[in-house]
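Here's the letter readout for the chains.
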Amino acid sequence: MPMEYTRAGDSRGMPRPARRFVLLAMVLTSVVLALAALEVALRVVEWRRGSATTMPQFVTCGDCPMLYRMNPDRPDVSAQGLRGGEYAIPKPPGTLRILMLGDSTTYGFRVDAEATFAKRLESALDGPYGRVEVINAGVNGYAPYNELQYFLSEGRAFAADIVIVTFCMNDVADPELHWNWDAASRPGTYSTNLALTNIPADAIPDKTYNRTHARSQLEARRRQAQSLWRKSFLHNFIDTRVNRIWPPRGPIDVVGRFVRITGEDTLSIERLLDPASERMLWLKSMYGQIAEAVRREGAAPLAVILPLSYQLDPAYPYLPQQVIAEQCRDNGLACLDVLPEFRRHTGPDLFLGRRSGFDDITHLSEVGHQLVAEQLARFLVEQGTLPAR
């Protein structure tokens with residue numbers, strides 16, 4: 001029987017299991033090389049894009065009491081760390097100035113600067129009430145602690161006649177999770193969140209919860225994110241695209257009612273219903289300090305309570321708004337609850353929802369911003385804080 005010869009490197013002369021192993025190894029090697037090439041390409045694209053997409057949105061500010069601020073090096077942020085231009089200091093004579101304090105809802109997450117309720121309020125008042133400026137000092141992730149410290153250190157320099165602080169339900173979330181969750185989830189990538197350390201005790205709404213729950217949750221998140229895959233740009237790229245197609249479900253419980261107040265934590269909205277809890281007493285203290293600081297500057301303090309999207313259901317039973325309204329009265333703080341008007345709305349969606357790449361229960365759409373601005377304008381008239389026409 002003639003002998004069969006094979007060329008060097010030809011696998012056809014190998015036993016069938018060996019040939020399969022070689023083919024599988026070649027396929028796996030090709031996949032690994034392709035993924036590595038894609039990872040390099042993504043890093044090059046991110047490096048070349050530069051600008052605001054990769055530039056950090058926030059920067060720590062040394063020993064500043066508010067811990068961090070908007071990055072003034074970004075093209076969408078002014079040198080004063082504001083969204084929407086710069087404002088003269090001292091205030092020009094004959095100008096009515098309103099300062100808006102708040103978080104990402106005030107900043108206007110994923111809406112144009114001109115569409116925010118700060119700018120829409122300015123458009124409604126400027127002219128009928130003389131020269132009116134509404135300064136948007138909202139910063140993503142801020143809570144009442146940051147807002148108080150910002151006003152004391154920088155905000156009062158604007159000499160506002162009216163200071164409006166906006167409250168969103170996640171303002172009482174644990175700061176360890178609220179500020180550091182994304183940084184812990186995606187180490188080594190550009191993130192909208194910071195990895196803040198040495199958070200002051202006064203900034204923590206519920207110290208027991210922070211010690212027994214939040215820190216361990218954050219540490220587990222960090223351990224989960226330490227793999228090379230989790231650190232890669234490719235993971236971030238795929239995760240972002242998948243979420244756009246199939247947004248993660250929002251914080252919903254087993255009976256179909258939303259109960260959580262933020263995606264970073266399991267904190268239930270029901271925890272905000274006890275006015276004697278450490279968390280809600282902290283909130284009352286923060287708003288009392290803000291109101292007192294604003295009055296010392298000769299300005300009128302007001303507060304706006306913004307709902308979460310699932311609260312628009314008229315049958316929804318959990319309403320911390322009632323607790324917060326009572327706290328406002330105790331602090332002598334005029335307080336606008338926009339939920340009743342939101343529930344009467346029958347037009348387009350008031351929240352971003354899945355436009356955010358996740359089931360966004362917090363941030364307002366352009367229509368939501370407009371409705372808040374309209375209510376604020378009426379509220380200011382009712383409170384007698386605007387000059388006579």
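The shown structure was predicted, so the numbers you read here are calculated from the model rather than taken from an experiment.

Rules used throughout
Residues numbered from 1 in each chain as written. Predicted model: local features only at pLDDT ≥ 70, side-chain atom pairs only at ≥ 80, totals over all residues. Heavy atoms only, no water. Helix = DSSP H or I, 4+ residues; strand = E, 2+ residues; numbered from the N terminus. Buried < 20%, exposed > 50% of the residue type's maximum accessible area, 1.4 Å probe, protein only. Contact = heavy atoms within 4.5 Å. Areas by Shrake-Rupley, 256 points an atom, 1.4 Å probe, with all protein chains shown as cover. 1 Å grid on protein atoms, 1.4 Å probe; cavity = no way out; pocket = protein on both sides within 12 Å on 5 of 7 lines; lining within 4 Å. Points joined across faces, edges and corners; volume = space filled by probe spheres on them. Nonpolar A, V, L, I, M, F, W, Y, C, P; charged D, E, K, R; others polar. Disulfide = S-S within 2.5 Å. Pairing = 2+ DSSP bridges. Axes fitted to C-alpha atoms, helices over the stretch in contact; angles between N-to-C directions. Parallel < 35°, antiparallel > 145°, perpendicular 65-115°, else oblique. Left-handed = near helix turned anticlockwise from the far one by under 90°. Polar contact = N/O pair within 3.5 Å; in protein donor to acceptor, adjacent residues only side chain to side chain. Phe/Tyr/Trp six-rings, centres within 6.5 Å; stacked < 30°, edge-to-face > 60°. Lys NZ or Arg CZ within 6 Å of the ring centre and 35° of its normal.

Peer 1: Explanation requested: the overall build of the protein in the structure shown.
Peer 2: Counting its secondary structure elements, the protein contains 13 helices and nine strands. Expressed as a percentage of its 389 residues, the buried residues of the protein come to 48%. In the protein, once contacts between residues fewer than 6 apart in sequence are set aside, the share between residues at least 24 apart is 73%. For the protein, the accessible surface area stands at approximately 19400 Å², while carbon and sulfur atoms represent 56% of it.

Peer 1: Honestly, the environment of glycine 368 in this entry has me stumped. Any pointers?
Peer 2: Mapped onto the secondary structure, glycine 368 falls in helix 13 (residues 366-382). Overall, glycine 368 belongs to the buried group, its relative accessible area being 0%. Between the C-alpha atoms of glycine 368 and leucine 350, which are 18 residues apart in sequence, the distance is 4.2 Å. Discounting chain neighbours no more than four positions away, the residues touching glycine 368 are Phe342 and Leu350.

Peer 1: For this particular structure, what's the right way to read empty space enclosed by the protein?
Peer 2: Picture a little ball the size of a water molecule; that probe, rolled over the atoms, points out where space is still empty. Scanning the model with the defined rule gives three cavities of 30 Å³ or more in all. Forming the boundary of the largest cavity are Met66, Arg69, Met70, Gln80, Gly81, Leu82, Ala137, Val139, Tyr142, Tyr150 and Glu154. The calculated volume of the second largest cavity comes to roughly 40 Å³. Forming the walls of the second largest cavity are Gly141, Ala143, Asp171, Ala173, Pro175, His178, Trp179, Ala203, Pro205 and Trp282. Across the lining of the second largest cavity, the residue classes break down as seven nonpolar, two polar and one charged.

Peer 1: Please explain the state of the cysteines as it appears in this structure.
Peer 2: Here, disulfide denotes a covalent bond that connects the sulfur atoms of two cysteines. Applying the stated rule across the entire model yields one disulfide. One disulfide bridge connects cysteine 61 with cysteine 64, the sulfur atoms lying 1.6 Å from each other. With respect to class, cysteine 61 is no different from cysteine 64; both count as buried.

Peer 1: Mind showing me how you'd approach the sheet that holds strand 3 (residues 95-101) here?
Peer 2: Through backbone hydrogen bonds, the strands of a sheet pair up, either in parallel or in antiparallel fashion. What the five strands build is an open sheet, ordered 4-3-5-6-7; its pairing is parallel. Looking at which strands have only one partner, the edges of the open sheet turn out to be strand 4 (131-136) and strand 7 (334-337). For this sheet, the mean angle separating the axes of adjacent strands, direction not counted, is 20 degrees. Two strands pair when backbone bridges link them, and strand 6 (residues 300-305) and strand 7 are joined in this way by four bridges, in the parallel orientation. Residue pairing across strands places leucine 302 opposite alanine 334, the latter belonging to strand 7. The strands that helix 4 (residues 117-125) touches are strand 3, strand 4 and strand 5 (162-167); relative to strand 4, the one it contacts most, it runs at about 175 degrees. Helix 10 (residues 278-296) rests against strand 5 and strand 6 of the sheet, and its axis sits at about 165 degrees to strand 5.

Peer 1: Just to check I follow, could you spell out the packing of helix 4 against helix 13 for this structure?
Peer 2: To describe two helices that pack against each other, one gives the angle between their axes and the distance between the axes. Orientation of helix 4 relative to helix 13, taken along the N-to-C sense of each, is 45 degrees, at an axis distance of 8 Å. Between helix 4 and helix 13, the angle falls in the class oblique. In this structure, helix 4 crosses over helix 13, and the sense of that crossing is right-handed. In this structure, helix 4 contributes Phe117, Arg120, Leu121 and Leu125 to the contact, and helix 13 contributes Glu366, His369, Gln370, Val372, Ala373, Leu376, Ala377 and Leu380. Its residues assigned to classes, the contact of helix 4 with helix 13 shows eight nonpolar, two polar and two charged.

Peer 1: Looking at this model, I keep getting lost on the packing of helix 5 (residues 144-153) against helix 10. Mind explaining?
Peer 2: At a minimum axis separation of 9 Å, helix 5 and helix 10 run at an interaxial angle of 15 degrees. Compared by their axis directions, helix 5 and helix 10 come out roughly parallel. In this structure, the crossing between helix 5 and helix 10 has a hand that is left-handed. On helix 10, the residues that touch Pro144, Tyr145, Glu147, Leu148, Phe151 and Leu152 of helix 5 are Trp282, Leu283, Met286, Tyr287, Gln289, Ile290, Ala293, Val294 and Arg296. Looking at side-chain class alone, the contact of helix 5 with helix 10 contains 12 nonpolar, one polar and two charged residues.

Peer 1: I tried to follow the pairing of strand 9 (residues 360-364) on my own but got confused; where do I start?
Peer 2: Looking along a regular strand, one sees side chains alternate from face to face of the sheet. Burial analysis of strand 9 places five of its five residues in the buried class, the great majority of the element. Two strands pair when backbone bridges link them, and strand 8 (residues 351-353) and strand 9 are joined in this way by two bridges, in the antiparallel orientation. Bridging from a neighbouring strand, glycine 353 pairs with aspartate 360 of strand 9.

Peer 1: Is there a simple way to explain the side chain of arginine 97 in this structure?
Peer 2: For arginine 97, the location among the structural elements is in strand 3. Here the side chain of arginine 97 touches phenylalanine 158 through a polar contact of 2.9 Å, landing on its backbone oxygen. In this view, arginine 97 contacts Tyr87, Ala88, Lys91, Pro92, Glu133, Ile135, Phe158, Ala160, Asp161 and Ile162; residues no more than four positions away in its chain are not counted.

Peer 1: Just checking my understanding: could you explain unusual backbone geometry for this structure?
Peer 2: Proline 90 follows isoleucine 89 through a cis peptide bond whose omega is 5 degrees. Mapped onto the elements of the fold, proline 90 is located in the loop between strand 2 (68-70) and strand 3. Phi at arginine 110 takes a positive value of approximately 60 degrees, unusual for a residue other than glycine. With respect to the element layout, arginine 110 can be found in the loop between helix 3 (104-107) and helix 4.

Peer 1: In this structure, what is going on with the packing of aromatic side chains? I would like to understand it.
Peer 2: Each aromatic ring pair is characterised by the separation of its centres together with the angle its planes make. Using the criterion set out here, one finds seven aromatic pairs in the structure. Here phenylalanine 167 and tyrosine 287 contribute two aromatic rings whose centre-to-centre distance is 6.2 Å and whose plane-to-plane angle is 90 degrees, an arrangement assigned as edge-to-face. Residue phenylalanine 167 is located in strand 5, and its partner tyrosine 287 is located in helix 10; the two are separated by 120 residues in the primary sequence. In this structure, phenylalanine 167 and tyrosine 287 share a single accessibility class: buried. Through pairs of rings, three or more aromatic residues link up here, namely Phe58, Tyr68, Tyr142 and Trp179. Directly above the aromatic system of tyrosine 107 lies the positively charged group of arginine 83, at a separation of 4.5 Å from the ring centroid. Here arginine 279 stacks its cationic end above the ring of tyrosine 209, 5.0 Å away from the centre of that ring.

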